[in-house]
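Chain and residue survey
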Amino acid sequence: MAGRKKKKKRGPVIFLIALSVLIAAAGFTLFILAKKRVIFLNEWLVNRETRTIGVDISAYQADVDMEKLKAQGIDFIFIKATEGTTHQDRRFAENWENAKNAGLPAGAYHFFSAKSPGETQAANFIETVGDDLAGRLIPVVDVEFYGTGGESLPEREDVVRELKVFLDALEARYGVKPMIYVPGDVFRRYISGDFEEYKIWMSSVNVPIGFAYSGRWDVWQYFNRAVLEGYSGGEKYIDMNVLNRKTTLEDLLVP
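Anyway, here's the lowdown on the structure attached to this text. (Residues numbered from 1 in each chain as written. Predicted model: local features only at pLDDT ≥ 70, side-chain atom pairs only at ≥ 80, totals over all residues. Heavy atoms only, no water.)

Let's talk about helix H5 (residues 118-129)
The terminal C-alpha atoms of H5, which comprises 12 residues, lie 16 Å apart, in line with the 16 Å expected from a rise of 1.5 Å per residue. What H5 keeps buried is the set Gly118, Gln121, Ala122, Asn124, Phe125, Ile126 and Val129. The inward-facing, buried residues of H5 abut strand E3 (76-83), strand E4 (87-88), helix H4 (92-102), strand E5 (106-111) and helix H6 (156-174). Trailing H5 by a residue or two, Gly130 shows a phi angle of about 100°, which is positive. (Helix = DSSP H or I, 4+ residues; strand = E, 2+ residues; numbered from the N terminus. Expected span 1.5 Å × (residues − 1). Buried < 20%, exposed > 50% of the residue type's maximum accessible area, 1.4 Å probe, protein only. Contact = heavy atoms within 4.5 Å.)

Here you go:
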């Protein structure tokens, strides 16, 4: 006599499908909330206690106490020096000297302008920062364009040409390749494919870096609304950065 066919148990399969859908929905919701700045997802993902953490500052932070920043676990700092051909950050000199006196590893950065020649921008940076960067962090060029106010975005070939002039001038003076700070969209439009030999400082403050950028990186600016002690009289917030686990501060030092 033939036996009865056993019915397949569908319960576990249905449960796993439902669970997968819920997890996907939760992940998508978190992603959307992070993009809208309702939650700060990156703050959950970066453990300040176990990672190498830094900040970047400019005159907007006004009076900066480097010792207080160090006491809160800040391991390095990047300080705005110049912008374009003629602008010098009014707080650079004091921030630069105070970081040195506090023993806080510091680097200087330049905000790149698409409207000025790379050569004159490099001259502005070198004159402001000085000739000797030994023991400091490598110089950085901040590349970000938004095309706001009715202005069109610059052409890639123009940016690549003048940025290479700028970078070559700094390397000739300091003996190291600078690092490029860039948001993901600007990286794809202007940097990808032409600057493979440079260290990358990637900005992705709304979502985890893997969603904004899939390439190699050395520093990640993961949060731009942190509130710390140690600066007063200006901007409420300060930018937070973390080193890639494969990068050390020694890798970023000028010999």
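Comments concerning the environment of Ile180
Considering the arrangement of structural elements, one finds Ile180 in strand E7 (residues 179-183). Exposure remark for Ile180: the relative accessible area of 0% places this residue in the buried category. When the C-alpha positions of Ile180 and Ile200 are compared, they lie 5.1 Å apart, and in sequence the two are 20 residues distant. For Ile180, the contacting residues outside a window of four places in its chain are Val141, Val143, Leu167, Ile191, Phe195, Tyr198, Lys199, Ile200 and Trp201.

Focus: the nonpolar core
Met66, Ile77, Ile180 and Met240 are the most contacted members of the largest nonpolar core, which has 71 residues in total. The dominant element in this core, judged by the number of residues it contributes, is H6, at 7 residues. Those residues within four positions of Ile77 in sequence are excluded, and the remaining contacts are Val55, Ile57, Met66, Leu69, Ala99, Leu104, Pro105, Ala106, Gly107 and Leu137. (Core = buried A, V, L, I, M, F, W, Y, C linked by side-chain atoms within 4.5 Å.)

As for the packing of H6 against helix H7 (residues 184-191)
At their nearest, the axes of H6 and H7 sit 9 Å apart, and the two run at 90° to each other. As judged from the angle between their axes, H6 and H7 are roughly perpendicular. Along the contact surface, H6 presents Arg156, Val159, Val160 and Leu163, while H7 presents Arg188, Arg189, Tyr190 and Ile191. Residues of the contact of H6 with H7, tallied by class, amount to 5 nonpolar, no polar and 3 charged. (Axes fitted to C-alpha atoms, helices over the stretch in contact; angles between N-to-C directions. Parallel < 35°, antiparallel > 145°, perpendicular 65-115°, else oblique. Nonpolar A, V, L, I, M, F, W, Y, C, P; charged D, E, K, R; others polar.)

A few points about the pattern of salt bridges
Where charged atoms from two side chains of opposite charge approach closely, those side chains can pair. Evaluated as defined, the whole model comprises 11 salt bridges. Among the salt bridges present, the one from Arg161 reaches Glu162, with a minimum N-O distance of 2.9 Å. The salt bridge involving Arg216 is made with Asp218; its shortest N-O contact spans 3.9 Å. A relative accessible area of 9% places Asp218 in the buried class. (Salt bridge = Lys/Arg side-chain N within 4 Å of Asp/Glu carboxyl O.)

Quick word on the side chain of Arg91
Mapping Arg91 onto the fold places it in the loop between E4 and H4. Setting aside residues up to four positions removed in sequence, Arg91 forms contacts with Ala59, Ala62 and Asp63.

Brief notes about the packing of aromatic side chains
Scanning the entire structure with this criterion turns up 11 aromatic pairs. Ring geometry for Phe125 and Tyr174: centres 6.4 Å apart, planes at 85°, overall edge-to-face. Of this pair, Phe125 sits in helix H5 while Tyr174 is found in helix H6, placing the two residues 49 residues apart along the sequence. Note on accessibility: Phe125 and Tyr174 belong to one class, buried. (Phe/Tyr/Trp six-rings, centres within 6.5 Å; stacked < 30°, edge-to-face > 60°.)

A short note on the packing of H5 against H6
Contact pair H5 / H6: the axes reach a minimum separation of 7 Å and the direction vectors enclose 35°. You can see that H5 and H6 cross each other, and the crossing is right-handed. Two secondary-structure elements touch here, H5 through Gly118, Glu119, Gln121, Ala122, Phe125, Ile126 and Val129 and H6 through Glu162, Val165, Phe166, Ala169, Leu170, Arg173 and Tyr174. For the contact of H5 with H6, a count of residues per class yields 9 nonpolar, 2 polar and 3 charged. (Left-handed = near helix turned anticlockwise from the far one by under 90°.)

A look at the pairing of E7
Among the 5 residues in E7, 5 count as buried, and that is most of the element. What you see with E7 is no split at all: Met179, Tyr181 and Pro183 on one side and Ile180 and Val182 on the other are buried throughout. As paired strands, E7 and strand E8 (residues 199-203) are joined by 5 bridges and run parallel to one another. Considered in E8, the bridge of Tyr181 is made with Trp201. (Pairing = 2+ DSSP bridges.)

Functional significance is not addressed by these values, which are geometric in nature.
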